[in-house]
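Each chain, written out:
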Amino acid sequence: MTAVNLGIPVMPDTLTERVPPRPENQDLIDRFGRTARDLRISITEKCSLRCTYCMPESGLPAIPHEQLLTADEIIRLVTVAVNHLGIREVRFTGGEPLIRRDLEQIVAGCTRAVPGIPLAITTNAVGLAHRAQALADAGLTRVNISLDTVDRARFARLTRRDRLSSVLEGVRAAKAAGFTPVKINAVLMPQTLDGAIDLLTWCLDEGIELRFIEQMPLDADHLWARANMVPAQTLLDVLSSRFTLTEIGREDTSAPAERWTVDGGPATVGIIGSVTRSFCSDCDRTRLTAEGTVRSCLFSDRETDLRAALRSGANDEELAELWRGAMWNKWAGHGIDTADFVPPQRSMGAIGG
Ligand code: SAM
Ligand code: SF4
């Protein structure tokens, strides 16, 4: 097990708890009856923005180049996840995935290796305008764009970068490249709450699905406080003052967003109540950090190092078995509302959201 330059200990999953033996099963099952089907891979810790709820102003400490998974290693692990572990959807994230110049190569390699598996990115869309078509050609199927406000000054304050116009160009390029639906994710913050109506109006005009996300205690500056976060219900009250919202529930049990039709539909708006309406009991995610460690939960600092195994010659089944062990020990839930909750050492940008 290695320690990386983020100051984060990589711990084996079995250090602290007695866990029941894992039954024979090829999939990524855990002790609480869940099966992971959705793989999120962080491919870099670097980012073009510095959102206050995520990154420190100076950015995250750089991961030494040799500790980052290469394109070929990412493609190999995706292949193992799909062919040996039952993964059915793959999402590239970060940091900002567009920072990697080889993103098109990674997507094209995965398209060849696991045809038919949806490949998505979560991106801030800075610079996407120049790459959306190439990514579509490489086989990318879905794009989720993070955008919290359509007000330039607020955007610059929240992200510490004046890049709103680049993001909006990216959104339009994603639509033009044929990604459907383009979804927008917005983190709920007190300073942007009164812009929520404008953001939804803009998304309705653009024919884009908007989902709000409750802010989680995953900021690098550790400023999150339960008392300061905007709960889903407060947002619903604000949106209901302008729109008629009719609840339609979740798309399926593994989808975290609760949804409402807006003014009779067909447009919808979603809310991911990660804190106040936790969906941990239905979680179907497994995560790989940019350094190649498996993380079974955003909030657990326990990580299992696949990169070391991969580089020392492990075969696909050996990698799969390590991954299964990591997921078997997944926690029941994040416990944000418990008295002894401790935020994880890695921030959102260092895990991959
Ligand atoms: N840079 C890309 C982006 O912003 O879309 C991908 C990485 S970012 C860490 C992934 C998602 O995590 C984004 O939608 C972002 O808004 C969200 N996020 C970051 N910090 C968060 C926090 N503290 N609570 C909730 N969501 C957060
Ligand atoms: Fe960068 Fe995304 Fe984090 Fe914003 S949320 S700082 S865009 S990684």
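Residues numbered from 1 in each chain as written. Chains lettered and ligands numbered in written order. Predicted model: local features only at pLDDT ≥ 70, side-chain atom pairs only at ≥ 80, totals over all residues. Heavy atoms only, no water.

### Digging into the site of ligand 2
No. 1: Within the structure, ligand 2 sits among Cys47, Leu49, Cys51, Cys54, Met55, Gly95 and Asn124.
No. 2: For the shell around ligand 2, the per-class residue count stands at 5 nonpolar, 2 polar and no charged. (Near = heavy atom within 4 Å. Nonpolar A, V, L, I, M, F, W, Y, C, P; charged D, E, K, R; others polar.)

### Thoughts on the confidence of the model for the protein
No. 1: When pLDDT is averaged along the protein, the result is 91; 95% of the residues meet or exceed 70.
No. 2: Note on residues 1-15: pLDDT under 50 across the span, and 36 contacts to partners over four residues away in sequence or across chains. (pLDDT = per-residue confidence, 0-100. Contact = heavy atoms within 4.5 Å.)

### Regarding the sheet that holds strand E3 (residues 38-42)
No. 1: Overall, mixed pairing links the 12 strands, which are arranged E9-E10-E11-E8-E7-E6-E5-E4-E3-E12-E13-E14 in an open sheet. Two strands in the sheet have a free side with no partner beyond their single neighbour: strand E9 (245-250) and strand E14 (303-305). Taken pair by pair, the neighbouring strands of this sheet meet at an average axis angle of 25°, ignoring direction.
No. 2: As judged from the 5 bridges shared by E3 and strand E4 (residues 89-93), these two strands associate in the parallel manner. Residue Ile41 lies in a different strand from E4, and its bridge partner there is Phe92.
No. 3: Helix-sheet contacts for helix H7 (residues 232-240) involve strand E7 (183-188), strand E8 (209-214), E9, strand E10 (258-262) and strand E11 (268-272), and the interaxial angle to E11 is about 160°. (Pairing = 2+ DSSP bridges. Helix = DSSP H or I, 4+ residues; strand = E, 2+ residues; numbered from the N terminus. Axes fitted to C-alpha atoms, helices over the stretch in contact; angles between N-to-C directions.)

### Structural notes on the site of ligand 1
No. 1: Around ligand 1 sit 17 residues, and of these Tyr53, Gly95, Glu96, Ser146 and Met216 come closest.
No. 2: Thr123 is positioned with one of its backbone polar atoms (N or O) 3.3 Å from an oxygen atom of ligand 1.
No. 3: Met216 places a polar main-chain atom, nitrogen or oxygen, 2.9 Å from a nitrogen atom of ligand 1.
No. 4: Bound to the protein, ligand 1 loses 95% of the 550 Å² it would expose on its own.
No. 5: For the shell around ligand 1, the residue count by class is 6 nonpolar, 9 polar and 2 charged. (Polar contact = N/O pair within 3.5 Å; in protein donor to acceptor, adjacent residues only side chain to side chain. Areas by Shrake-Rupley, 256 points an atom, 1.4 Å probe, with all protein chains shown as cover.)

### Quick notes on the packing of helix H1 (residues 71-85) against helix H9 (residues 316-328)
No. 1: Between H1 and H9, the shortest axis-to-axis distance is 10 Å and the interhelical angle comes to 75°. Judged by the inter-axis angle, H1 sits roughly perpendicular to H9. Together, Arg76, Leu77, Val80, Ala81, His84 and Leu85 of H1 and Asp316, Glu317, Leu319, Ala320, Trp323 and Arg324 of H9 make up the contact between the two elements.
No. 2: Per-class residue counts for the contact of H1 with H9 are 7 nonpolar, 1 polar and 4 charged. (Parallel < 35°, antiparallel > 145°, perpendicular 65-115°, else oblique.)

### Brief notes about the environment of Leu128
No. 1: Mapped onto the elements of the fold, Leu128 is located in the loop between strand E5 (119-123) and helix H3 (132-138).
No. 2: According to the relative accessible area criterion, Leu128 is buried, its value standing at 0%.
No. 3: Sequence-distant contacts of Leu128, that is, excluding residues within four places in its chain, are made with Leu98, Thr123, Leu135, Val143, Ile145, Gly170, Ala173 and Ala174. (Buried < 20%, exposed > 50% of the residue type's maximum accessible area, 1.4 Å probe, protein only.)

### Quick notes on empty space enclosed by the protein
No. 1: The tally for this structure, following the rule as stated, stands at 2 cavities of 30 Å³ or more.
No. 2: Taken as a whole, the largest cavity holds about 50 Å³ of empty space.
No. 3: Lining the largest cavity are Asp148, Ala186, Val187, Leu188, Met189, Thr192, Leu193, Gly195, Ala196, Leu199, Phe212 and Leu235.
No. 4: At 3 residues, E7 tops the list of elements feeding residues into the lining of the largest cavity.
No. 5: Within the lining of the largest cavity, the residues separate by chemical class into 9 nonpolar, 2 polar and 1 charged. (1 Å grid on protein atoms, 1.4 Å probe; cavity = no way out; pocket = protein on both sides within 12 Å on 5 of 7 lines; lining within 4 Å. Points joined across faces, edges and corners; volume = space filled by probe spheres on them.)

### A look at the nonpolar core
No. 1: Ranked by internal contacts, the top residues of the largest apolar core, which has 106 residues, are Phe92, Ile145, Phe212 and Trp323.
No. 2: Here Trp323 is in contact with Leu28, Leu39, Leu77, Ala81, Leu85, Thr286, Leu288, Val294 and Leu306, once residues within four sequence places are set aside. (Core = buried A, V, L, I, M, F, W, Y, C linked by side-chain atoms within 4.5 Å.)

### Examining the pairing of E4
No. 1: By the criterion of burial, E4 is predominantly enclosed, with 5 of the 5 residues buried.
No. 2: Side-chain alternation along E4 places Glu89, Arg91 and Thr93 on one buried face and Val90 and Phe92 on a second face that is also buried.
No. 3: Traced from E3 through H1 to E4, the parallel crossover comes out right-handed.
No. 4: As paired strands, E4 and E5 are joined by 3 bridges and run parallel to one another. For Arg91, the partnering residue across the bridge sits in E5 and is Ala120.
No. 5: Each parallel crossover has a hand, and for E4 linked through helix H2 (residues 103-113) to E5 it is right-handed. (Right-handed = clockwise from strand over helix to strand, strands pointing away.)

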